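# Working through the structure, step by step
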Amino acid sequence: MGSVSVSTIFCFLLLTLFSQCQSSPSKKTFIVHMKDHDKPTIYQTHHDWFSSTLQSLSISTDSVTDTDTDSFDSDPLLYSYTTAYNGFAATLNDQQAKTLLQNDAVLGVYEDTLYHLHTTRTPQFLGLESETGLWEGHRTQELDQASHDVIVGVLDTGVWPESPSFRDDGMPQIPTRWRGACENAIDFNATLCNRKLIGARSFSKGFHMASGTGSGYGKGSKDREIVSPRDTDGHGTHTASTAAGSHVGNASFLGYAAGTARGMAPQARVAVYKVCWTDGCFASDILAGMDRAIQDGVDVLSLSLGGGSAPYFHDTIAIGAFAAVERGIFVSASAGNSGPTRASLANVAPWIMTVGAGTLDRDFPAYATLGNKKQFSGVSLYSGKGMGNKPVGLVYFKGSNSNQSASICMAGSLDPALVHGKVVLCDRGINARVEKGKVVKEAGGIGMILANTAASGEELVADSHLLPAVAVGRVIGDEIREYVSSDANPTAVLSFGGTLLNVRPSPVVAAFSSRGPNMITKEILKPDVIGPGVNILAGWSEAIGPSGLPEDSRKTLFNIMSGTSMSCPHISGLAALLKAAHPNWSPSAIKSALMTTAYTHDNSKSPLRDAAGKGFSTPWAHGAGHVNPQKALSPGLVYDASMKDYITFLCSLNYNPEQIQLVVKQRGVNCTKKFSDPGQLNYPSFSIVFSGKRVVRYTRILTNVGEANSVYNVVVDGPPTVEIVARPSRLVFEKVGERKRYTVTFVSKKGGDASSVRNGFGSILWSNALHQVRSPVAFAWTSL
């Protein structure tokens, strides 16, 4: 997510079977997976069945209610899941969980898991603002009209309904198929919803159980969050407005990024499901939100949250997403902010669109001028009075034996006697970037230079600091560190340059964007694509200052944030546009269109670069490339996949029947048919692993969604250590909707193994005069 108001750390607690737990009298939240078809006929509803199952454990269920009630204190049954999941969430002690696991109708019992949260310029940058009003054969007016029927569901920190991004000017009546609602709460009146913001719900029982505030559920006391869809964090409002915010003229963040703000699908509807709270996002609440969103009738689900990676039958989001996709709902999720670390991805299930982050062609330059007359460029969103033109002392505490934490400006680490009236050089890392500025300010400093280290490389993220501050890359940071240590009287003055457009090169893959390879299924290439995720302007909550710090009393309708949390809703909104343009397309067809039309060269016509080291990026960082919505609207061909294909894929992973049932929720799934290996899934990209073999052969099926009588020829590209042959090399489609099969064989040449190379990359391109349908290929010779 990359926000200063929400931790950018992606941590993951693996779901654990509680037959392995130590007995404890204390109660926790457990998610219980049931065999759906085992419900006895004596129970009218699944909820009745779940309640009876709990009663068998001698748990008091005197006031069992449904999932949408506010009872918490006396009811151990927190949620009944019927759509995204077969089962329930309940408060149990370890012994009760063990006992429940012995029940023949129970597939598994898991402790609740904690997940974390991972504009004016992006529409133009993505080519969505067209002077002609034509997008590859689609008139803007027609697409806007169709978008009115598309509903984007956002699972996040809630919504600030008063934001101008959710105005419903000119929007028609809400689609009659909509089954959602807006909740009333102490600080949220259902009448705040309208024809744009058509749903707002909250799910917090898992959070309250984990935080020990069950007795205050819904009361909104000082130390207990109000149970409400209202966004007091800002993150949810930002993501929802990025996906489908209305047009807002004269928008800016304190003067930065001025222009007309709009989401990717400004005519689509928004439904918000608040599942993230102070401590993060609990699996039990996420499942409840997904369960409800599916029932409500959303068309797109956007999740800017996640953890690490786990087998699909242990992955809450993957299981809920499978149920959504089965009902025709497109699911987009952030890849994570753990880059540039290798194999750091989240949300890697092949039925999910996994989104990484890149930069825009917009920047917010700021400058540090040193006493040696050298001026260095950085970035900043500082909007105050500044520090004037007079140089002041510059201090850096690297090497201080008394306080090593002073170099990174940790709380309480700076000596006011040494800092007062000066600019402090702070190393990036550990604590939040804006928090460092707060530490400097509290110690009496009047400015800060925030310098990257080797871990953050040259990536620059602009922040709304409480004092004049400039962020610089590692190379410049090292030069400033050398100046401070070598000059007897180092000085600096900071200045700010506002907003700069048409920056080259762009896009660049963000250093924080999580990277492949995919450690859960090495034969599926992830991430799928990248989208704009650095310095993104979107709506904001007025309950919190733009820095997210308690001391920040500033109020703003818009804020600028960075992270894969920001790139994810871009793709969610674009999926809504494709859904409007092609209502009969499946989620996998929409995903394919976005992937095969993505571009891999920046605006300087160079291959995409990686901010982590300024070298060229690879598909393990950018997937198929950066999304190109204009081309995605008319991709020519798509790689479609059915739910049957996904089940065949799961069978190829050698999961046992119960593990597969956890994901697909069908009893007695027959795995007599399975792929020879998981890479046979009809996926728009390829990941080739030469693990103990020199030949890998995959078959793919392309569906014509372009013109009748279309002919496509193939061009293959790869490293010199691999021979690639596609057969046939020419595909002729006589009709729209026609499907054609091809087989591609990858042969590792002698010497092309771990002794000479570890990995490589290439592509498979089917093209004609109108369309280019490109699939990235990743090669690995060693175990991933």
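Once a new chain begins, its residue numbering starts again from 1 and follows that chain's sequence as written. In keeping with the model being predicted, local features are shown solely for residues with a pLDDT of at least 70 and side-chain atom pairs are shown and tallied solely at 80 or more, while totals for entire chains, interfaces and linings include all residues. Side-chain metrics rest on all non-hydrogen atoms present in the structure, leaving aside hydrogens and water.

A few words on the overall build of the protein. Helices and strands together make up the secondary structure of the protein, namely 17 helices and 41 strands. Each residue gets one of three labels from its accessible area relative to the maximum for its type: buried under 20%, exposed over 50%, partly exposed in between, using a 1.4 Å probe on protein chains only. Out of the 784 residues belonging to the protein, those deemed buried represent 63%. Here, Shrake-Rupley sampling with a 1.4 Å probe gives the accessible areas, and only protein chains in the shown set may cover a residue. Working note: accessible area of the protein is about 28200 Å², and carbon and sulfur atoms make up 49% of it. Secondary structure elements are defined from DSSP: runs of H or I of at least 4 residues count as helices, runs of E of at least 2 residues count as strands, and each element is numbered from the N terminus.

Assignment of secondary structure puts A593 in helix α13 (residues 587-596). A593 sits 40 residues away from L633 along the chain, and the two C-alpha atoms are 7.3 Å apart. Any two residues whose heavy atoms approach within 4.5 Å are treated as being in contact. Setting aside its immediate chain neighbours within four residues, A593 contacts L578, W585, A632, P635 and V638.

Only the six-membered ring of Trp is used, alongside the rings of Phe and Tyr, when aromatic pairs are assigned; centres must lie within 6.5 Å, and planes under 30 degrees apart are stacked while those over 60 apart are edge-to-face, with the rest tilted. Under the criterion given, the structure shown has 22 aromatic pairs. Their ring planes at 25 degrees and their centres at 6.0 Å tell us that Y79 and Y81 sit as a pair that is stacked. Neither residue differs from the other here; Y79 and Y81 are each classed as buried. Judged by centre distance (6.1 Å) and plane angle (45 degrees), the rings of Y312 and F649 are tilted. With Y312 in the loop between β16 (305-306) and α8 (316-326) and F649 in helix α16 (residues 643-651), the pair connects residues that are 337 residues apart, well separated along the chain. The burial state of Y312 is the same as that of F649; both residues are buried.

This next bit is on a positive patch on the surface. Two distance rules govern patches: like charges are joined within 9 Å, and nonpolar side chains (Val, Leu, Ile, Met, Phe, Trp, Tyr) within 5 Å, applied only to residues with over 30% relative accessible area and no salt bridge. By definition, a salt bridge exists where a carboxyl oxygen of Asp or Glu is found within 4 Å of a side-chain nitrogen of Lys or Arg. Residues scored as positive are Lys and Arg, those scored as negative are Asp and Glu, and His as well as the terminal groups of each chain are ignored. Every charge is mapped onto a representative atom, which is NZ of Lys, CZ of Arg, CG of Asp or CD of Glu. Residues K644, K673, R739 and R741 make up a contiguous surface patch of positive charge. Note on K644: relative accessible area 59%, which makes it exposed.

Here K274 lies in strand β12 (residues 269-274). This buried residue, K274, is left without a salt bridge; E225 holds the nearest opposite charge, at 4.5 Å. N or O atoms within 3.5 Å of each other form a polar contact, as long as, within protein, one can give a hydrogen and the other can take it, and as long as residues adjacent in sequence are counted only when both atoms are side-chain atoms. Within polar-contact distance, the side chain of K274 engages the backbone oxygen of S228 at 3.5 Å. For K274, the contacting residues outside a window of four places in its chain are D156, T157, G158, R201, S202, F203, S228, P229, R230 and T232.

If a strand is regular, its side chains alternate between the two faces of the sheet. Bridge analysis of strand β10 (residues 248-253) against strand β11 (residues 256-261) gives 3 bridges, and the strand direction is antiparallel. Paired with A251 across the two strands is G259, which belongs to β11. Pairing between two strands is assigned when DSSP locates at least 2 bridges connecting them. Counting the residues that bridge the hairpin from β10 to β11 gives 2 residues, and of these L254 lies at a positive phi of roughly 50 degrees.

Pairing within the open sheet is mixed, and its 5 strands lie in the order β34-β41-β40-β36-β38. Two strands lie at the open edges of the sheet, namely β34 (686-689) and β38 (730-733), each paired on one side alone. The sheet shows a mean angle of 20 degrees between the axes of neighbouring strands, taken without regard to direction. Where β34 meets strand β41 (residues 772-780), 4 bridges bridge the pair, whose relative direction is parallel. The axes are straight lines fitted to the C-alpha atoms, using for helices just the contacting stretch, and the angles between their N-to-C directions are given from 0 to 180°.

Going from R504 to P505, the amide bond is cis rather than trans, its omega being -5 degrees. A cis geometry characterises the amide bond from R727 onward to P728, with omega recorded as -5 degrees. Within the secondary structure, P728 is located in the loop between β37 (722-727) and β38. With phi around 55 degrees, N347 is a residue other than glycine that occupies positive phi space. Looking at the secondary structure, you find N347 in the loop between β17 (330-334) and β18 (353-358). Phi is positive for N654, close to 65 degrees, though the residue is something other than glycine.

What follows deals with the state of the cysteines. Our working definition of a disulfide is a cysteine sulfur pair at a distance within 2.5 Å. Considering all chains together, one arrives at 4 disulfides under this definition. Sulfur-sulfur distance for the disulfide between C651 and C671 comes to 1.9 Å. Sign of the S-S torsion, about -75 degrees for the bond between C651 and C671, identifies this disulfide as left-handed. With C651 in helix α16 and C671 in the loop between α17 (657-664) and β34, this pair connects stretches of sequence that are 20 residues apart. By relative accessible area, C651 is classed as buried at 2%. The exposure class of C671 is partly exposed, given its relative accessible area of 28%.

Attention now goes to the pattern of salt bridges. With the rule as written, the count across this model stands at 22 salt bridges. As a salt-bridge pair, E326 and R327 come within 3.8 Å of each other at their nearest N and O atoms. Residue classification places R327 among the partly exposed positions, given a relative accessible area of 46%. As a salt-bridge pair, E459 and R428 come within 3.3 Å of each other at their nearest N and O atoms. Of this pair, E459 sits in the loop between β24 (447-451) and β25 (469-472) while R428 sits in the loop between β23 (423-427) and α10 (433-442); the two residues are 31 residues apart in sequence, bridging distant segments of the chain.

Across soluble globular proteins, nonpolar side chains show a tendency to be buried alongside one another. Counting 112 residues, the largest nonpolar core has I286, L301, L303, Y312, W351, L594 and L650 as the members making the most contacts within it. In this description, a nonpolar core means a group of buried Ala, Val, Leu, Ile, Met, Phe, Trp, Tyr and Cys residues linked to one another through side-chain atoms lying within 4.5 Å. By size, the runner-up hydrophobic cluster in this structure holds 29 residues, among which are F364, V424, A443 and A471.

With that settled, consider the sheet that holds strand β4 (residues 106-111). The 4 strands lie next to each other as β2-β3-β1-β4, forming an open sheet whose pairing is antiparallel. Of all the strands in the sheet, just β2 (77-81) and β4 have a single pairing partner and so form its edges. Taken over all neighbouring pairs, the strand axes of this sheet differ in orientation by 25 degrees on average, direction set aside. Relative to β4, strand β1 (residues 27-34) is paired through 5 bridges, and the arrangement is antiparallel. In the sheet register, H33 faces β4, and the bridge partner there is G108.

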